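# Observations on the model geometry
Letter by letter, the chains look like this.
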Amino acid sequence: MELWNSVIERFSDILSNKFLDIEIWRIAVAGIIIILTIAVRKILVNTAALLIKKFSVRTKWVIDDELIVAVEPPVKLMVLIISIYFSARILGFKVTDESFSGHIIRSLIIFSLFWAIYRTAEIIARMFYRVSKKPIHIWMTF
């Protein structure tokens, strides 16, 4: 039992040390969050996509299925950005509008949003093209 207490005390001392003025335990927790996010994000995104696909199967349109596939990579990036945000907060960085880390997080979010728009633009354009080719009397029957 004495050995166990000694190991725990030593481990506690190591985690309370600092590297680049940040406690080691904070670095470890931030790393664990990012590693777990990378490991679990595919499962999370695929599960969400499957749930959405169950609803989209009920529609006649194929476009909604294409949109789900197109948005999947940007959503995976967004999940990673959220974990980076929390990791930065745990590391003690101030993630505000004026801070450098806040600018980086916000830039990554904007990038992933525009990436999603870019990936869906062609699909939406095809949808509008198909709709524009239909006769007008179909739209007047509401």
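Above: the structure in question.
Notes on the structure follow. Because the structure is a prediction, the values reported are computed rather than measured. (Residues numbered from 1 in each chain as written. Predicted model: local features only at pLDDT ≥ 70, side-chain atom pairs only at ≥ 80, totals over all residues. Heavy atoms only, no water.)

For Ile 110, the position within the fold is in helix α4 (residues 100-132). Taking the relative accessible area as the measure of exposure, Ile 110 reaches 41% and is therefore partly exposed. For the pair Ile 110 and Met 78, spaced 32 residues apart in sequence, the C-alpha to C-alpha distance is 9.7 Å. (Helix = DSSP H or I, 4+ residues; strand = E, 2+ residues; numbered from the N terminus. Buried < 20%, exposed > 50% of the residue type's maximum accessible area, 1.4 Å probe, protein only.)

We now examine the nonpolar core. If you look at the biggest cluster of nonpolar residues, it comprises 5 residues: Leu 77, Ile 81, Ala 88, Val 95 and Ile 105. Ranked by residue count, the leading element in this core is helix α3 (residues 63-90), at 3 residues. Contact partners of Val 95, with chain neighbours within four places excluded, come to Tyr 85, Ala 88, Arg 89, Ser 101, Gly 102 and Ile 105. (Core = buried A, V, L, I, M, F, W, Y, C linked by side-chain atoms within 4.5 Å. Contact = heavy atoms within 4.5 Å.)

The next subject is α3. With 28 residues, α3 ought to run about 40 Å at 1.5 Å a step, and its terminal C-alpha atoms sit 41 Å apart, in line with that. Considering bend angle alone, the principal kink of α3 is centred on Glu 72 and spans about 40°; proline Pro 73 follows within four residues of it. The complete set of buried residues in α3 reads Ile 63, Ile 68, Ala 70, Glu 72, Pro 74, Lys 76, Leu 77, Leu 80, Ile 81, Ser 83, Ser 87 and Ala 88. Among the residues trailing α3, Gly 92 stands out with phi positive, at a value near 95°. (Expected span 1.5 Å × (residues − 1). Bend = angle between axes of the 7 residues up to and from the residue.)

Below, the discussion takes up α4. Counted at 1.5 Å a residue, the expected span for α4 with its 33 residues is 48 Å, and the 46 Å between its end C-alpha atoms agrees. Along α4, the sharpest kink reaches roughly 40°, centred on Thr 120. Taken together, the buried positions of α4 are Ser 101, Gly 102, Ile 105, Ser 112, Ala 116, Thr 120 and Ile 123. On its buried face, α4 is in contact with α3.

Next up on the list: the side chain of Ser 83. Topologically, Ser 83 is positioned in helix α3. Ser 83 sits in the buried class, given a relative accessible area of 4%. When neighbours within four sequence positions are excluded, Ser 83 is seen to be in contact with Ile 33, Ile 34 and Thr 37.

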